[in-house]
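# Structural characterization, general
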Amino acid sequence: MRTPIIAGNWKMNKTASEAGELVAALIQPLAAVKGVTKVVCPPFLAVPQVAQLLQGTDVGVGAQDMYWEPSGAYTGEVAPEMIREFCDYVIIGHSERRQYFGETDATVNRKIVAALGVGLTPIVCVGETLELRESGRTEDWVTTQVKGALEGIAAEKVAEMIVAYEPIWAIGTGLAATAEDAEHVIGNVVRATVKSLYGNDVAEALRIQYGGSVKPANAEEIMSKPDIDGGLIGGASLKAADFLSIVEQSAKAKGIA
Ligand code: PGA
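A few points on the structure. (Residues numbered from 1 in each chain as written. Predicted model: local features only at pLDDT ≥ 70, side-chain atom pairs only at ≥ 80, totals over all residues. Heavy atoms only, no water.)

### Here's the deal with the pairing of strand β3 (residues 59-63)
- In terms of residue burial, β3 counts as a mostly covered element, since 5 of its 5 residues are buried.
- Burial along β3 is two-sided: the residues Val-59, Val-61 and Ala-63 and Gly-60 and Gly-62 are all buried.
- Bridge count for strand β2 (residues 37-41) against β3 is 3 bridges, and the pairing is parallel. Each bridged residue has a counterpart across the sheet, and for Val-39 the counterpart in β3 is Gly-60.
- In this fold, the crossover linking β2 to β3 by way of helix α2 (residues 47-53) has right-handed handedness.
- Inspection of the sheet shows β3 paired to strand β4 (residues 89-92) by 2 bridges, in the parallel sense. Among the inter-strand pairings, Ala-63 is bridged to a residue of β4, identified as Val-90. (Buried < 20%, exposed > 50% of the residue type's maximum accessible area, 1.4 Å probe, protein only. Helix = DSSP H or I, 4+ residues; strand = E, 2+ residues; numbered from the N terminus. Pairing = 2+ DSSP bridges. Right-handed = clockwise from strand over helix to strand, strands pointing away.)

### Points about the site of the ligand
- Every one of the 13 residues lining the ligand counts as a neighbour, but Lys-11, His-94, Glu-166, Gly-172 and Ser-213 are closest to it.
- Side-chain polar atom of His-94 to an oxygen atom of the ligand: 2.6 Å apart, as the coordinates give it.
- A distance of 2.7 Å is found between an oxygen atom of the ligand and a backbone nitrogen or oxygen belonging to Ser-213.
- Relative to its unbound accessible area of 280 Å², the ligand is 95% covered by the protein chains.
- Partitioned by chemical class, the residues of the shell around the ligand number 4 nonpolar, 7 polar and 2 charged. (Near = heavy atom within 4 Å. Polar contact = N/O pair within 3.5 Å; in protein donor to acceptor, adjacent residues only side chain to side chain. Areas by Shrake-Rupley, 256 points an atom, 1.4 Å probe, with all protein chains shown as cover. Nonpolar A, V, L, I, M, F, W, Y, C, P; charged D, E, K, R; others polar.)

### A closer look at the pairing of strand β8 (residues 230-233)
- Because side chains alternate across β8, one face comprises the buried residues Gly-230 and Leu-232, and the other comprises Gly-231 and Ile-233, equally buried.
- Sheet analysis places strand β1 (residues 5-9) next to β8, joined by 4 bridges and oriented parallel. Note on β8: the bridge partner recorded for Ile-6 is Gly-231.
- Where strand β7 (residues 207-211) and β8 come together, 2 bridges link them in parallel fashion. What sits directly across from Tyr-210, in β8, is Gly-231.

### Brief notes about the sheet that holds β7
- Taking strand neighbours around the barrel as the criterion, the 8 strands line up as β1-β2-β3-β4-β5-β6-β7-β8 in a closed arrangement whose pairing is parallel. The average angle at which neighbouring strand axes cross in this sheet is 25°, direction not considered.
- Against the sheet, helix α9 (residues 179-198) engages β5 (121-126), β6 (162-165) and β7, with an angle of about 140° to β7. (Axes fitted to C-alpha atoms, helices over the stretch in contact; angles between N-to-C directions. Contact = heavy atoms within 4.5 Å.)

So, in structure tokens, the structure goes:
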């Protein structure tokens, strides 16, 4: 059985001191939930402090982006080893990075290769726009994104990665995909594409999250779907009680608690 993974993507929210307060509120209650992988992804400047506060706990820390070069004259960028010093995870190819910062399947692929190269677990985001969905192109689009992201990556690495299916129209809108819709794309498109590329064992090992307006009110229903292995949580991860509730409901939905 795949261990569900709930990751909080704080996006561009929380100063380092605010991040400390949020983590302080999360540490004890999160420790009580076993059998779920728990990760928080603060903005870069809060990462060292959050990592220090979470040392010795079973809550992982992730960055929200990364550059692929190991070092050099790349003003403003953050290198894989710099992230690895504090983090186990890194979100790659979030739709906001693709939409506002020009990331493509090719840059996403380079970042994944670099992340794996330093022992980071990439959380790779894919998902379609409303326009693509309404014109019936979701499956083709997501398939292309998955293939582009995984180009040249070895099977044993793929099995350890995380993919997050995040329909763009569901992100930050309050309008989540239905559990059935999410399950369909995750199982019949993302996992099926990985199966066609790498075979059944890799496809069955890969953990695939759903993301987009997951909140306490819909978490249990979404996480009860067998192909959905957790969530990438934006807005609701900024409130300790909401994030905790989503983690607890995921454990319950998977029959862990
Ligand atoms: P949301 O964001 O939960 O605020 O919709 C999810 C994400 O972008 O990862």
